[in-house]
Amino acid sequence: MHEFPDTVRAPLRRTNSVEWGAVMEPFRIKAVEPIPFLTPEKRQQILDEADHNIFRVRASDVTIDLLTDSGTTAMSSAQWSSLFMGDESYAGASSYERFEQTAKDLTGFPEIIPIHQGRAGERILFTELLSSGQITAANTHFDSTRANVEMLQCKAVDLPCPEAADLTDQSPFKGNIDLDRLWELLAGPDGEKLGAVIMTVTNNGGGGQPVSLANLRSVQEVCQKYGVPLLLDASRFAENAHLIIAREPGQEGRSPREVARTMFDLADGCWASLKKDGLANTGGFIALRDTETAARCRELLIAWEGFPTYGGLAGRDLEALAQGLREVTDPAYLTYRADTARWFADALAEAGLPVMRPAGCHAVYADAGRLLPHIPPAEFPGVALVCELYRTAGVRTVEFGTLTLGHDDQPAPHELVRLALPRRVYTRSHLEYVVESVSDAVGRAEELTGFEITGPQAPMRHFTARLSPLGKGRDIQ
Ligand code: F0G
């Protein structure tokens with residue numbers, strides 16, 4: 001098993017060490033896009049005009065965009081060339097056949113339903129499987145997953161394992177569900193209401209932490225005993241498979257495809273936003289074992305997404321996804337991805353930023369609460385850090401704290417800021433620039449102030465809120 005040392009694995013300069021080789025990008029670059037460099041003064045003006053909400057900043061004003069790993073992938077030359085094979089026929093397109101076969105080979109599920117992105121799959125699947133008043137239990141529901149459960153007048157219950165609460169705990173599978181609490185839920189008065197158990201692999205809402213095969217197997221046993229369907233939110237299935245190989249005793253030496261297949265074999269069905277591990281810019285699927293459930297999902301699909309052989313996608317998207325799903329399980333790619341995240345987490349920690357341990361694959365999560373103890377949760381320390389990183393260096397990150405996850409004056413459990421890693425987009429020197437910027441911003445931590453919301457308090461307020469900085473020297477209760 002890998003150890004997760006608290007020290008930087010490789011120095012921040014080019015060396016001939018094995019460590020550098022382990023992180024080196026296993027690809028070369030064929031098409032490039034320029035990135036803008038603005039002055040700090042200009043960025044301050046942009047932040048003011050954007051009401052300090054990073055979602056309101058134009059991408060063309062961002063130097064390094066770590067807002068999300070979703071839909072931001074750089075496609076391979078094989079994917080770009082596959083686009084021309086796109087069959088744009090409304091019905092029976094050959095692109096669908098290629099996509100379907102690839103997804104079947106990967107997952108083993110006989111029923112493959114294309115969707116335009118993950119949340120469309122959530123809406124269709126939950127509408128089909130859940131009825132009002134039911135409960136879903138998950139390691140952690142992603143925000144769109146929770147929203148789609150709640151919109152059906154059902155309740156989404158998160159049961160993360162206890163180790164997940166400690167951001168510095170080095171346990172290898174902090175994405176696991178708490179099995180004791182799952183048993184309790186099923187044996188208790190609400191047990192009858194459980195409509196599905198959802199395992200998000202990897203657990204984005206819980207810091208991108210992986211789920212072990214052992215945990216998945218136990219969940220399957222519980223689900224079988226009580227006759228409850230087990231669903232995977234498989235948006236980052238390949239990254240989870242890689243982390244199982246790297247961390248779970250007895251799994252070393254297996255291929256990512258084999259391990260991914262074992263994961264899928266344990267579930268009754270899954271959905272995936274293929275904007276992540278599909279290595280493409282849009283798309284997704286629902287994959288099921290049961291033919292009748294799939295037939296009913298297809299009826300909803302026709303009403304909401306489109307005919308079952310395109311599901312809201314163009315033929316060329318299906319081609320890019322079929323190719324992406326083959327590339328994503330390449331061990332060299334996955335090793336580079338995990339090593340990059342781990343190196344980045346170590347380097348940020350050495351620069352003075354408290355980060356969640358161990359690192360997963362798709363992002364590093366910083367603990368803004370610990371960096372900025374003088375800013376209370378109600379004044380959004382995560383927003384203060386997000387704004388400072390943008391102002392200092394044009395680096396865009398996203399708050400996963402009380403602004404995004406707080407409800408009814410209840411603060412979020414942690415004041416996190418996510419530095420997501422778009423797939424195959426940024427090189428190590430881009431990330432070194434981020435580390436330097438963070439080091440700079442951390443040096444000013446004590447000067448940073450909190451924020452208050454001055455504009456709409458909508459249900460998903462983090463996307464639309466207007467925020468105003470609070471003055472220095474305020475009394476903090
Ligand atoms: N499930 C998980 C675990 C996700 O991370 C996301 C999206 C979805 C479902 C929804 O998929 O966006 O294709 O509709 N996560 C993005 C993010 C938005 O930034 O983490 P979608």
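All right, on to unusual backbone geometry then. Of note, the amide linkage connecting Val-201 to Thr-202 takes the cis form, showing an omega dihedral of -20°. The residue Thr-202 is located in the loop between strand E5 (194-200) and helix H8 (213-226) in this model. Between Arg-357 and the following residue, Pro-358, the backbone shows a cis peptide bond with an omega angle of -20°. Within the fold, Pro-358 resides in the loop between helix H13 (331-350) and strand E9 (363-367). Even without glycine at this site, His-52 takes up a positive phi of about 60°. Following the sequence through the fold, His-52 ends up in the loop between helix H2 (40-49) and strand E1 (64-65).

Here the chain averages 93 in pLDDT, and 94% of its residues register 70 or above. Taken as a whole, residues 1-21 scores under 50 in pLDDT and shows 38 contacts with residues more than four places along the chain or in a different chain. Within the model, the stretch residues 473-477 combines pLDDT values under 50 with three contacts to residues more than four positions away or in other chains.

With that settled, consider the nonpolar core. One finds Phe-344, Leu-348, Leu-353 and Leu-385 to be the most contacted residues of the largest nonpolar core, which totals 62 residues. With eight residues, helix H15 (residues 381-393) is the largest single contributor of residues to this core. Among residues more than four places away in sequence, those in contact with Leu-385 are Leu-353, Ala-366, Ala-368, Leu-371, Leu-372 and Val-417. If you look at the next biggest cluster of nonpolar residues, it comprises 57 residues, including Ile-177, Val-219, Cys-223 and Ala-280.

Inspection of every chain in the model, using the stated rule, returns twelve aromatic pairs. Aromatic side chains Phe-27 and Tyr-336 sit 5.5 Å apart centroid to centroid with 85° between the ring planes, which places their arrangement in the edge-to-face category. Taken as a pair, Phe-27 in the loop between helix H1 (18-23) and H2 and Tyr-336 in helix H13 lie far apart in primary sequence, 309 residues in all. According to the relative accessible area criterion, Phe-27 is partly exposed, its value standing at 27%. Accessibility expressed as a relative area gives 6% for Tyr-336, which makes it buried. Between Trp-183 and Tyr-226, the aromatic rings sit 6.0 Å apart at their centres with planes inclined by 65°, giving edge-to-face as the arrangement. Residue Trp-183 is located in helix H7 (residues 179-187), and its partner Tyr-226 is located in helix H8; the two are separated by 43 residues in the primary sequence. What makes Tyr-226 partly exposed here is its relative accessible area of 33%. Between the NZ or CZ atom of Arg-123 and the centre of the ring of Trp-304, over which it lies, the distance is 3.7 Å. When the ring centre of Tyr-226 is taken as origin, the NZ or CZ atom of Lys-225, which lies over that ring, is 5.3 Å away.

Along its sequence, the chain is organised into domain 1 (6-62 + 330-469) and domain 2 (77-327). Here the C-alpha centre of domain 2 lies 27 Å away from the C-alpha centre of domain 1. Note on domain 1 versus domain 2: buried area summed over both sides is about 2,400 Å², and carbon and sulfur give 57% of it. It is Leu-334, Pro-358 and Arg-423 in domain 1 that bury the most area against domain 2; as a group they hold 24% of the surface buried on that side.

Let us now look at the site of the ligand. Within the structure, the ligand sits among 17 residues, and Thr-68, Arg-119, Asp-233, Ser-273 and Lys-276 are positioned closest to it. One of the side-chain nitrogen or oxygen atoms of Arg-119 is found 2.6 Å away from an oxygen atom of the ligand. Note that an oxygen atom of the ligand is positioned 2.9 Å from one of the side-chain N or O atoms of Arg-236. Coverage of the ligand by the protein chains reaches 92% of its 470 Å² of free accessible surface. Tallying contributions element by element places helix H5 (residues 118-129) first for the shell around the ligand, with three residues. In the shell around the ligand, the residues fall into one nonpolar, nine polar and seven charged.

Criteria and cut-off values
Residues numbered from 1 in each chain as written. Predicted model: local features only at pLDDT ≥ 70, side-chain atom pairs only at ≥ 80, totals over all residues. Heavy atoms only, no water. Helix = DSSP H or I, 4+ residues; strand = E, 2+ residues; numbered from the N terminus. pLDDT = per-residue confidence, 0-100. Contact = heavy atoms within 4.5 Å. Core = buried A, V, L, I, M, F, W, Y, C linked by side-chain atoms within 4.5 Å. Buried < 20%, exposed > 50% of the residue type's maximum accessible area, 1.4 Å probe, protein only. Phe/Tyr/Trp six-rings, centres within 6.5 Å; stacked < 30°, edge-to-face > 60°. Lys NZ or Arg CZ within 6 Å of the ring centre and 35° of its normal. Domains from an automatic or database assignment. Buried area = accessible area lost by both parts, 1.4 Å probe. Near = heavy atom within 4 Å. Polar contact = N/O pair within 3.5 Å; in protein donor to acceptor, adjacent residues only side chain to side chain. Areas by Shrake-Rupley, 256 points an atom, 1.4 Å probe, with all protein chains shown as cover. Nonpolar A, V, L, I, M, F, W, Y, C, P; charged D, E, K, R; others polar.

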